[in-house]
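In case you want the letters, here they are:
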Amino acid sequence: MKKILVIGGAGYIGSHVARAFLDRGYDVTVFDNLQSGVRENLFDDAKFIHGDIMRPEQLRSAMSSGFDGCVHLAALKAAGQSMLKPGEYAQSNISGTINILNQLLEAGISTVIFSSSAAVYGSPRYLPIDEEHPKDPENFYGFTKLEIERLLDWYDRLKGLRYAAIRYFNAAGYDVRGRVRGVELNPENLLPIVMETAAGIRPKLSIFGTDYPTRDGSCIRDYVHVTDLAEAHVTAFEHILRNGGSLTVNLGSQNGVSVLEMVDRARALTGKPVPADIAPRRPGDPAELVASSEKAKELLGWEPKYSDVDTLITSTWRMYENRSASR
Ligand code: UFG
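Below is a summary of the structure that appears in this document. For every chain, the first residue of the written sequence is number 1, and numbering continues from 1 onward in sequence order. In view of the model being predicted, local features appear only for residues whose pLDDT reaches at least 70, and side-chain atom pairs are presented and counted only at 80 or more, with totals across whole chains, interfaces and linings using the full set of residues. To obtain the side-chain values, all non-hydrogen atoms of the structure were used and water was disregarded.

## Thoughts on the environment of Ser 36
- In this fold, Ser 36 is placed in the loop between β2 (27-32) and β3 (47-50).
- Classification of Ser 36 as exposed rests on a relative accessible area of 60%.
- Considering only alpha carbons, one finds Ser 36 and Gly 80, 44 residues apart in sequence, at a separation of 17 Å. A run of H or I in DSSP becomes a helix once it reaches four residues, and a run of E becomes a strand once it reaches two; helices and strands are each numbered from the N terminus. Categorising residues by exposure relies on relative accessible area from a 1.4 Å probe, with only protein chains included: less than 20% of the type maximum marks a residue as buried, more than 50% marks it as exposed, and the intermediate range marks it as partly exposed.

Right, dumping it as structure tokens:
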């Protein structure tokens, strides 16, 4: 049985990644400091190490039992915050990753799957965005992800570390079987905010701009179900084991959905009013972001299965509906 270390595996995406590896029969160990990850996201069939990527000795001890590979998802991820607190983002995302990579090499673990982001591209020069699109991050968060991608490339050339850098577009949804139990705390993304509003946890939602040059004036994004993302991590890992080469791929649904479309569909599917105000544009939001996922399809045979709008909304609503009922 192959052994995999999932760093950041108690978080929103990390827990789905841990689940995907468990479902494919891997021996999974989650390493997480539980700063944004939650205990509810730990599965009985995985091991757990409470540790911090800023503590190399904790990483060393965690890796000492031997692993076939590592998935690294431990990072700060709020793009807006990253512009106010670059020091914290540099520490966690860059220094923390350097700690991980150095410890992996010391432990003789030569395969890592890294969670990168569409934020490495910045404002789109053309659509859909493929992997060759210029990399010009507009926020510090995207810069940290791009720096790590470059570091990975050097570690590959110099040390033979094989990696997959996976650039997520807008991750959304929850395990459709309801096995991931933790709801993200203080969400900053559209769909969980819509759900908190539908559940009555927030009084209303703000729609950041309806004066964009899009079909209904609101921003268009490429939402991809977190289970589809998670499965790509397993596939990418197996691809590296089979073929040996590092790779960088986008993951998106290639389907643009506007903010207003998402809110309207959420109203219809939840049966809740979801009060919404039209607010000014949020700084730094491009009008439209849509991925080309052709490379992931060709290289990994990856196809999104759960990324249609209805599945995104219903799988998320199931989490929030229970939450409002349990309050
Ligand atoms: N939005 C609202 N109201 C809200 C929250 C969001 O109108 O209360 C809008 C935003 O303006 C944007 C869209 O909904 O147009 C999606 O916003 P999110 O904050 O959910 O996501 P972003 O597209 O800003 O960013 C997300 C991740 C980033 C990642 C990026 C890649 O949060 O980390 O996708 O595409 F880099």
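## As for the pattern of salt bridges
- What counts as a salt bridge is simple: a side-chain nitrogen of Lys or Arg found within 4 Å of a carboxyl oxygen of Asp or Glu. Within the structure shown, the criterion is met by 23 salt bridges.
- Its salt-bridge partner being Lys 77, residue Glu 184 comes within 2.8 Å of it at the nearest N-O pair. Of this pair, Glu 184 sits in the loop between β7 (170-172) and α6 (190-198) while Lys 77 sits in the loop between β4 (69-72) and α3 (79-84), and the two are 107 residues apart along the sequence.
- With a relative accessible area of 44%, Lys 77 lands in the partly exposed category.
- Several salt bridges converge on common partners, so that one network encompasses Arg 19, Asp 23, Asp 45, Asp 175 and Arg 179.

## Considerations on the packing of aromatic side chains
- Two rings from Phe, Tyr or Trp (for Trp, the six-membered ring) form a pair when their centres sit within 6.5 Å of each other. Planes less than 30 degrees apart are called stacked, planes more than 60 degrees apart edge-to-face, and all others tilted. All told, the structure shown has 6 aromatic pairs when counted by the stated rule.
- Measuring from ring centre to ring centre gives 5.9 Å for Tyr 26 and Phe 237, while their planes differ by 65°; the resulting arrangement is edge-to-face. A residue pair is termed long-range when its members are at least 10 positions apart, and Tyr 26 in the loop between α1 (12-23) and β2 and Phe 237 in helix α7 (residues 226-243) qualify at 211 residues.
- Using a relative accessible area of 0% as the deciding quantity, one classes Phe 237 as buried.
- The rings of Phe 21, Tyr 26 and Phe 237 are connected pair by pair, giving a single aromatic cluster.
- In this structure, Arg 19 packs its charged tip against the face of Phe 43, placed 4.7 Å from the ring centre. Here, over-ring charges are defined by two tests on the NZ atom of lysine or the CZ atom of arginine: distance to the ring centre within 6 Å, and angle to the ring normal within 35 degrees.

## Regarding the pairing of strand β5 (residues 111-117)
- Within β5, 7 of the 7 residues are buried, which leaves it mostly tucked inside the rest of the structure.
- A two-sided burial pattern is seen for β5, the buried positions comprising Thr 111, Ile 113, Ser 115 and Ser 117 on one face and Val 112, Phe 114 and Ser 116 on the other.
- The pairing criterion is simple: DSSP has to find at least two bridges between the two strands. Of the strand pairs in this sheet, β4 and β5 are connected by 3 bridges, and their pairing is parallel. What sits directly across from His 72, in β5, is Phe 114.
- Bridging between β5 and strand β6 (residues 162-168) involves 7 bridges; their strand directions are parallel. Across the sheet, residue Val 112 finds its bridge partner in β6, namely Tyr 163.
- By convention a crossover is right-handed if, when the strands point away from the viewer, the path from the first strand over the helix to the second runs clockwise. A crossover links β5 with its parallel partner β6, the connecting element being helix α5 (residues 140-159), and its sense is right-handed.

## A few points about the layout of surface pockets
- Here a cavity denotes a set of grid points, spaced 1 Å apart and computed over the protein atoms alone, in which a 1.4 Å probe fits but from which it cannot get out, and a pocket denotes an open set meeting protein on both sides within 12 Å along at least five of seven lines; residues with an atom within 4 Å of a point are reported as lining. Grid points are joined across faces, edges and corners, and a volume is the space filled by probe spheres set on the points. There is about 220 Å³ of room inside the second largest pocket.
- Residue type decides the class: Asp, Glu, Lys and Arg count as charged, Ala, Val, Leu, Ile, Met, Phe, Trp, Tyr, Cys and Pro as nonpolar, and the leftover types, Gly among them, as polar. Its residues assigned to classes, the lining of the second largest pocket shows 4 nonpolar, 3 polar and 5 charged.

## As for the nonpolar core
- Counting 63 residues, the largest nonpolar core has Phe 21 and Val 28 as its most contacted members.
- The element best represented in this core is α7, accounting for 8 residues.
- Taken together, domain 1 (3-172 + 223-251) and domain 2 (190-221 + 254-325) each give at least three residues to this core, which thus spans both.
- For this analysis, residues touch if any pair of their heavy atoms sits within 4.5 Å. Beyond its immediate sequence surroundings of up to four residues, Val 28 is in contact with Ile 4, Val 6, Ala 18, Phe 21, Leu 22, Ala 46 and Lys 47.
- Here, nonpolar core means buried Ala, Val, Leu, Ile, Met, Phe, Trp, Tyr and Cys residues that are tied together by side-chain atoms lying within 4.5 Å of each other. Judged by nonpolar contacts, the second largest core, of 23 residues, contains Ile 53, Cys 70, Ala 74 and Tyr 155. Where each domain starts and ends comes from a domain assignment, either automatic or drawn from a database.

## Here we look at the packing of helix α4 (residues 86-107) against α5
- Only C-alpha atoms enter the line fits that serve as axes; for helices the fit covers just the stretch in contact. Angles between N-to-C directions range over 0 to 180 degrees. Interaxial distance between α4 and α5 falls to 10 Å at its minimum, and their mutual angle equals 20°. In this view, α4 runs roughly parallel relative to α5, as classed from their interaxial angle. For the pair α4 and α5, the crossing hand works out as right-handed. Between α4, through Pro 86, Tyr 89, Ala 90, Asn 93, Ile 94, Thr 97, Ile 98, Leu 101, Asn 102 and Leu 105, and α5, the contact on the second element is made entirely by Phe 140, Tyr 141, Phe 143, Thr 144, Glu 147, Ile 148, Leu 151, Leu 152, Tyr 155 and Lys 159. Oblique is the label for any angle not covered by the other classes, which are roughly parallel (under 35 degrees), roughly antiparallel (over 145) and roughly perpendicular (65 to 115). Each crossing is labelled by how the near helix is turned from the far one, with a counterclockwise turn of less than a right angle marking it left-handed and a clockwise turn marking it right-handed.

## What to know about the packing of helix α2 (residues 56-63) against α4
- Viewed as axis vectors pointing N to C, α2 and α4 meet at an angle of 35°, and their least axial separation amounts to 9 Å. Seen along the crossing, α2 lies across α4 with a hand that is right-handed. Along its contact with α2, which presents Pro 56, Leu 59, Arg 60 and Met 63, the element α4 presents Asn 99, Ile 100, Gln 103, Leu 104, Glu 106 and Ala 107.
- Of the residues that constitute the contact of α2 with α4, the class distribution is 6 nonpolar, 2 polar and 2 charged.

## Some points on empty space enclosed by the protein
- Applying the stated criterion across every chain yields a total of 1 cavity of 30 Å³ or more.
- When its volume is computed, the largest cavity comes out at roughly 40 Å³.
- Going through the elements one at a time, α4 and α5 are the ones with two or more residues in the lining of the largest cavity.
- Here the lining of the largest cavity takes 3 residues from α5, the largest share from any one element.

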